[in-house]
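Results of the structural survey
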Amino acid sequence: MKRLSITTTQKCNMIGAKVRQFRMEQKLSQQALSARLETEAVYICRGSISRIEDGSRTVTDLELYGLSKVLHKPIEDFFEEYPY
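I will try to describe carefully the structure that is included in this document.

1. Some words on unusual backbone geometry
With a phi close to 55°, Lys27 is a non-glycine residue in the positive phi region. The phi dihedral of His72 is positive, around 55°, even though this residue is not glycine. Looking at the secondary structure, you find His72 in the segment after helix H4 (61-71). A relative accessible area of 63% means that His72 is categorised as exposed.

2. Things to note about helix H3 (residues 46-53)
An α-helical segment advances 3.6 residues per turn. Residues three or four places apart therefore align on the same side. Within the span of H3, buried status applies to Gly47, Ser48, Ile49, Ile52 and Glu53. The first or second residue beyond H3 is Gly55, which carries a positive phi of 85°.

3. Concerning the packing of helix H2 (residues 30-38) against H4
Following both chains from N to C, one finds H2 and H4 inclined at 105°, their axes separated by 9 Å at the closest point. Taken together, the axes of H2 and H4 lie roughly perpendicular to each other. Residues Leu33, Arg36 and Leu37 of H2 form the contact with H4, whose participating residues are Gly66, Leu67, Val70 and Leu71. The residue inventory of the contact of H2 with H4, partitioned by class, reads 5 nonpolar, 1 polar and 1 charged.

4. Considerations on the packing of aromatic side chains
For any two aromatic rings, the description comes down to two numbers: the centre-to-centre distance and the angle of the planes. Taken as a whole and judged by the stated rule, the model has 1 aromatic pair. Ring centres 5.1 Å apart and planes at 85° place the aromatic pair Phe22 and Phe78 in the edge-to-face group. Placement of Phe22 in helix H1 (residues 16-25) and of Phe78 in the segment after H4 is noted, with a sequence separation of 56 residues between them. Classification of Phe22 by relative accessible area gives buried; the value is 4%.

Basis of the calculations
- In this numbering scheme, every chain counts its residues from 1 along its sequence in written order.
- Local features are withheld for residues below a pLDDT of 70 in this predicted model, meaning they are given only at 70 or higher, and side-chain atom pairs are given and counted only at 80 or more; totals for whole chains, interfaces and linings count all residues.
- Each side-chain value is derived from all of the structure's non-hydrogen atoms; neither hydrogens nor water enter the calculation.
- Where helices and strands are cited, they refer to DSSP runs of H or I of at least four residues and of E of at least two residues respectively, numbered from the N terminus.
- Note on classification: 1.4 Å probe, protein chains only; a residue is buried when its accessible area is under 20% of the maximum for its type, exposed when over 50%, partly exposed between these limits.
- Interaxial angle, 0 to 180 degrees, is taken between N-to-C directions of lines fitted to C-alpha atoms, where a helix line uses only the stretch in contact.
- Any angle that is under 35 degrees is reported as roughly parallel, and any over 145 degrees as roughly antiparallel; angles of 65 to 115 degrees are reported as roughly perpendicular and all others as oblique.
- The contact rule is simple, with two residues in contact once any of their heavy atoms fall within 4.5 Å.
- In the scheme used here, Gly and all other residues not listed as nonpolar or charged are polar, with Ala, Val, Leu, Ile, Met, Phe, Trp, Tyr, Cys and Pro taken as nonpolar and Asp, Glu, Lys and Arg as charged.
- Two rings from Phe, Tyr or Trp (for Trp, the six-membered ring) form a pair when their centres are within 6.5 Å of each other. A pair whose planes differ by under 30 degrees is stacked, one over 60 is edge-to-face, and the rest are tilted.

Bear in mind that shape data such as this cannot, by itself, settle questions of function.
Following this line, the structure appears as structure tokens:
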């Protein structure tokens, strides 16, 4: 699936900072997180994880589910900073 290229400084996701926080808490490199995701049939390369964390890449619902599963965090925890 082709991704849209956005050239603004606008964030493309709301969870990047939490992905980085949870990854660092578990002492995982971006490459190690990518490898864990592959075991769940979620394919996000190391570079894409970097872009998710800095907010310059979108995250699909399936990717969010995979991140939740491999980082052992409920999906709601990825949105803690965003009260609705």
